[in-house]
2 protein chains.
Amino acid sequence: LTKKPVSRNIIKGIGDDSSLIKVGNRYLAVTADTLVDGDHFSLRYFSPEQIGKKAVEINVSDIGAMGAKPKYFLVSLVLPGDIDVEIIENIYKGMRQAGSKYQIEIIGGNITHGKQLIIDICMIGEAKKENLKFRSAAKPDDCILVSGDLGSSTAGLHLFLKNIDGFEEVKKKHLEPEAKFHKVEPFLKYINAMIDVSDGLASDVLRICEQSDTGAIIYADSVPVKSTTKKAAKICEKNALDFALYGGEDFELIYTVSKKNLNKVKGILVGKITREKGVRIYKEGKEELLTKHGYDHFLTEPT
Amino acid sequence: LTKKPVSRNIIKGIGDDSSLIKVGNRYLAVTADTLVDGDHFSLRYFSPEQIGKKAVEINVSDIGAMGAKPKYFLVSLVLPGDIDVEIIENIYKGMRQAGSKYQIEIIGGNITHGKQLIIDICMIGEAKKENLKFRSAAKPDDCILVSGDLGSSTAGLHLFLKNIDGFEEVKKKHLEPEAKFHKVEPFLKYINAMIDVSDGLASDVLRICEQSDTGAIIYADSVPVKSTTKKAAKICEKNALDFALYGGEDFELIYTVSKKNLNKVKGILVGKITREKGVRIYKEGKEELLTKHGYDHFLTEPT
């Protein structure tokens, strides 16, 4: 599946935030992301508009993480037989609203029937060659930065799962994720590698390291977690730092920058790229190596 | 949903076999098609490789119906928790086999979990401007042709549903559909409008008429249905002509050609585009108007 592409017009195949193809002298970023009812959203706490918006934003985030601008998208909808027409209309309304925010349009798609509501969006973006950002471009000693606070989306999810009242601001981070490309656009040229946070800071830094053939150290104390996120995690009997490191769906951007350019960019410094392989978390005076097991363990916790 | 696109680079939005966008001076056809377990295939009679191949072929068919050549595709897979890893591997194997037939590659996608197996492919093709074919380009008095025999895929499906032995050739038409672009490629320049047969001759001619602002007459006696298809339909207590007109999934191409060019193309002449709106079926000396009701009635029959 991950074999090297044959066509020389495939600049990036599987393994980055988006695929990248060359069409004439243009560069197109293409991505597809799927939302499954009960897994990525629930109509119990999401409004149909919010589901539609989320489906668009997560794809815009993947396009932005390549340094590209979204242009067009196709929507494949799987609808259960008993779904209310109004729900479908409002999902499309949400998609159109998010689309007009980015001045992008639905150009196609299809509707089928199935056992649960599923929304799959395929999005196409366009990038200037000089703006392209890959996961594979991190260099040893690069600083690792993140564009905003983490863990709130997962905290919001747990609040819903435990039926806890209040914490509206935290819940909104789960219900209304937004792509963050605008935050890094002003200093894009100083960024080496970039990825969006879809599976947590540690998991996504690991992806940069795997593609860049490097390691990394993450300073746990520097990971930005809002106090309300910490409170929400605590009331759910969870650890907010775990949400930030492994929880995902924050859609902030992680990017690496060489030391000499650190004063030219914005963001929160959370770690460093190392020549030594493996992602280590520095926490309370100790270093822990991030293992696939630890990561998988978190993923398979009942949520 | 079907409103006119705003961007002038969207040449065709929703409403044709594929969407068509202009990137620089290149034309890209983009389509997405979804296969749902129990609806578009069943592991009871499809091999996993056949499912993978079908998912690719139906998208290749949509790209070809625009006059474009497939280039790249993305695969979104929804997997039930209890699915055998070997099944997934063999679905990918089938997709890669179909891909190499057309020299196209998987460039991306995603895997999620859900209640049933679903494969959604988004495919990108490229077309020369002079080869582009639209549903909307049929002209009154155009001849309607089809590239091959119809009804066998639906006949095959019914044989499986009724557990009827034999008829391997008919069943194969259902299990291994193939895009038919190669059949029309030699005389592409004489074709006005084109569409692939995904929902039956009558249903898909209706789509041409709706987009071209015309009507059509279909000569039932000229509709190509193989004798084995007729036998298979009969044993299933069904009508083979209905399969051809409304059954779909044959993936033959329907195309319209002006009378003066009829001797320059191949295919089976099945009807005529008319200035008068509506699609009429001429059968046994009588004309019947194709109604949405008749069409829906066929679709909602228990299969």
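Please read these numbers as outputs of a predicted model, since none were measured by experiment.

Procedures and definitions
- Residues numbered from 1 in each chain as written.
- Chains lettered and ligands numbered in written order.
- Predicted model: local features only at pLDDT ≥ 70, side-chain atom pairs only at ≥ 80, totals over all residues.
- Heavy atoms only, no water.
- Helix = DSSP H or I, 4+ residues; strand = E, 2+ residues; numbered from the N terminus.
- Expected span 1.5 Å × (residues − 1).
- Buried < 20%, exposed > 50% of the residue type's maximum accessible area, 1.4 Å probe, protein only.
- Pairing = 2+ DSSP bridges.
- Axes fitted to C-alpha atoms, helices over the stretch in contact; angles between N-to-C directions.
- UniProt positions renumbered as here; feature names shortened; annotations may be inferred.
- Domains from an automatic or database assignment.
- Contact = heavy atoms within 4.5 Å.
- Buried area = accessible area lost by both parts, 1.4 Å probe.
- Salt bridge = Lys/Arg side-chain N within 4 Å of Asp/Glu carboxyl O.
- Right-handed = clockwise from strand over helix to strand, strands pointing away.
- Polar contact = N/O pair within 3.5 Å; in protein donor to acceptor, adjacent residues only side chain to side chain.
- Nonpolar A, V, L, I, M, F, W, Y, C, P; charged D, E, K, R; others polar.
- Parallel < 35°, antiparallel > 145°, perpendicular 65-115°, else oblique.
- Least-squares fit on C-alpha atoms with pLDDT ≥ 70 in both.
- 1 Å grid on protein atoms, 1.4 Å probe; cavity = no way out; pocket = protein on both sides within 12 Å on 5 of 7 lines; lining within 4 Å.
- Points joined across faces, edges and corners; volume = space filled by probe spheres on them.

Q: Is there a simple way to think about helix 6 (residues 201–212) of chain A in this case?
A: Residue pairs spaced three or four apart in an α-helix point in one direction, given the helix's 3.6 residues per turn. Residue and element names in this part refer to chain A. With 12 residues, helix 6 extends 16 Å from end C-alpha to end C-alpha; this agrees with the ideal 16 Å at 1.5 Å per step. Of all 12 residues that make up helix 6, 9 are buried, and the element is covered over most of its length. Taken residue by residue, helix 6 has Leu201, Ala202, Ser203, Asp204, Val205, Leu206, Ile208, Cys209 and Ser212 as its buried positions. Asp213, located one to two residues past helix 6, shows a positive phi value of around 60°.

Q: Help me understand the sheet that holds strand 2 (residues 19–23) of chain A in this model?
A: Consider a sheet: its strands pair through backbone hydrogen bonds, and that pairing is either parallel or antiparallel. All names here are of chain A. Across the sheet, 6 strands lie side by side as 1-2-3-6-4-5; this open sheet has mixed pairing. A single partner strand is all that each edge strand has here, and the edge strands are strand 1 (10–12) and strand 5 (105–113). Here the average twist between neighbouring strands, direction ignored, is 20°. Of the strand pairs in this sheet, strand 4 (residues 69–79) and strand 5 are connected by 8 bridges, and their pairing is parallel. Paired with Val78 across the two strands is Thr112, which belongs to strand 5.

Q: What is the right way to look at the UniProt feature "domain: PurM-like C-terminal" (unreviewed entry) in chain A in this model?
A: In the numbering adopted here, UniProt assigns the feature "domain: PurM-like C-terminal" (unreviewed entry) to residues 139–269 of chain A. Secondary structure within residues 139–269 of chain A divides into 39% helix and 15% strand; the distance between the first and last C-alpha atoms comes to 16 Å.

Q: What's the story with the sheet that holds strand 11 (residues 268–274) of chain A in this structure? I'm lost.
A: Residues and elements named next belong to chain A. The strand order 8-10-7-11-9-12-13 describes an open sheet built from 7 strands, whose pairing is mixed. The strands lining the two open edges of the sheet, one partner per strand, are strand 8 (194–196) and strand 13 (286–289). Taken pair by pair, the neighbouring strands of this sheet meet at an average axis angle of 25°, ignoring direction. Here strand 7 (residues 143–146) pairs with strand 11 via 4 bridges, running antiparallel. From the neighbouring strand, Cys143 faces strand 11, where its bridge partner is Lys272.

Q: How do you make sense of the domain arrangement of chain A when you look at a structure like this?
A: Accessible area lost during the coming together of the parts is what is often quoted as the interface size. All names here are of chain A. Partitioning chain A into structural domains gives domain 1 (10–130) and domain 2 (134–299). Contacts between the two partners involve 25 residues from domain 1 and, on the opposite side, 23 residues from domain 2. Of the roughly 2,000 Å² buried between domain 1 and domain 2 on both sides combined, carbon and sulfur atoms contribute 52%. In this assembly, domain 1 and domain 2 are joined by 5 salt bridges. A salt bridge links Lys101 to Glu178; the nearest nitrogen and oxygen atoms lie 2.6 Å apart.

Q: What should I look at first to understand the UniProt feature "domain: PurM-like N-terminal" (unreviewed entry) in chain A in this one?
A: According to UniProt, the positions carrying the feature "domain: PurM-like N-terminal" (unreviewed entry) are residues 15–126 of chain A. Between the end C-alpha atoms of residues 15–126 of chain A there is a gap of 18 Å, over a span that is 30% helix and 40% strand.

Q: Any chance you could explain the pairing of strand 4 (residues 69–79) of chain B here in plain terms?
A: As a general feature of sheets, a regular strand has side chains that alternate between the two faces. When you tally the buried positions in strand 4 of chain B, you get 9 out of 11 residues, the bulk of the element. With helix 2 (residues 85–101) of chain B bridging strand 4 of chain B and the parallel strand 5 (residues 105–113) of chain B, this β-α-β connection has right-handed handedness.

Q: Would you mind showing me how to read the interface of chain B and chain A here?
A: At the junction of the two partners, chain B supplies 46 residues and chain A supplies 44 residues. Between chain B and chain A, roughly 3,600 Å² of surface is buried when both sides are summed, and carbon and sulfur atoms account for 64% of that area. Where chain B touches chain A, the interface holds 14 residue pairs in polar contact (both at pLDDT 80 or more). Looking at the side of chain B that touches chain A, the elements that each hand over two or more residues are strand 2 (19–23), strand 3 (26–36), strand 4, helix 2, strand 5 and strand 6 (118–127) of chain B. Grouping the amino acids of the side of chain B that touches chain A by side-chain chemistry returns 20 nonpolar, 16 polar and 10 charged.

Q: Just to check I follow, could you spell out the packing of helix 6 (residues 201–212) of chain B against helix 8 (residues 240–247) of chain B for this structure?
A: In helix packing, the relevant descriptors are the interaxial angle and the interaxial distance, both defined with respect to the helix axes. Residue and element names in this part refer to chain B. Put simply, helix 6 and helix 8 touch, their axes get as near as 4 Å, and they point 30° apart. In terms of axis orientation, helix 6 runs roughly parallel to helix 8. Here Leu201, Ala202 and Ser203 of helix 6 lie close against helix 8, whose contacting residues are Ala244, Leu245 and Tyr246. Counted by class, the contact of helix 6 with helix 8 contains 5 nonpolar, 1 polar and no charged residues.

Q: When you look at the relation of the copies chain B and chain A in this model, what are you seeing that I'm missing?
A: Mapping chain B onto chain A leaves a residual RMSD of 0.0 Å; the transformation is a rotation of 180° accompanied by 0.0 Å of translation along its axis. On the angle and the small slide along the axis, the relation comes out as a two-fold axis. Most of the interface of chain B is mirrored in chain A: 96% of its interface residues are interface residues there too.

Q: Help me understand empty space enclosed by the protein, please; the structure alone is not making it clear to me.
A: The gaps left among the atoms become clear once a water-sized probe is rolled over them. Applying the stated criterion across every chain, the model contains 4 cavities of 30 Å³ or more. Estimates place the volume of the largest cavity at around 60 Å³. Together, A:Thr34, A:Ser76, A:Leu77, A:Val78, A:Ile118, A:Ile119, A:Asp120, B:Thr34, B:Ser76, B:Val78, B:Ile118 and B:Asp120 line the largest cavity. Mapped by element, the contributors of at least two residues to the lining of the largest cavity are strand 4 and strand 6 (118–127) of chain A together with strand 4 and strand 6 of chain B. When its residues are assigned to classes, the lining of the largest cavity shows 6 nonpolar, 4 polar and 2 charged.

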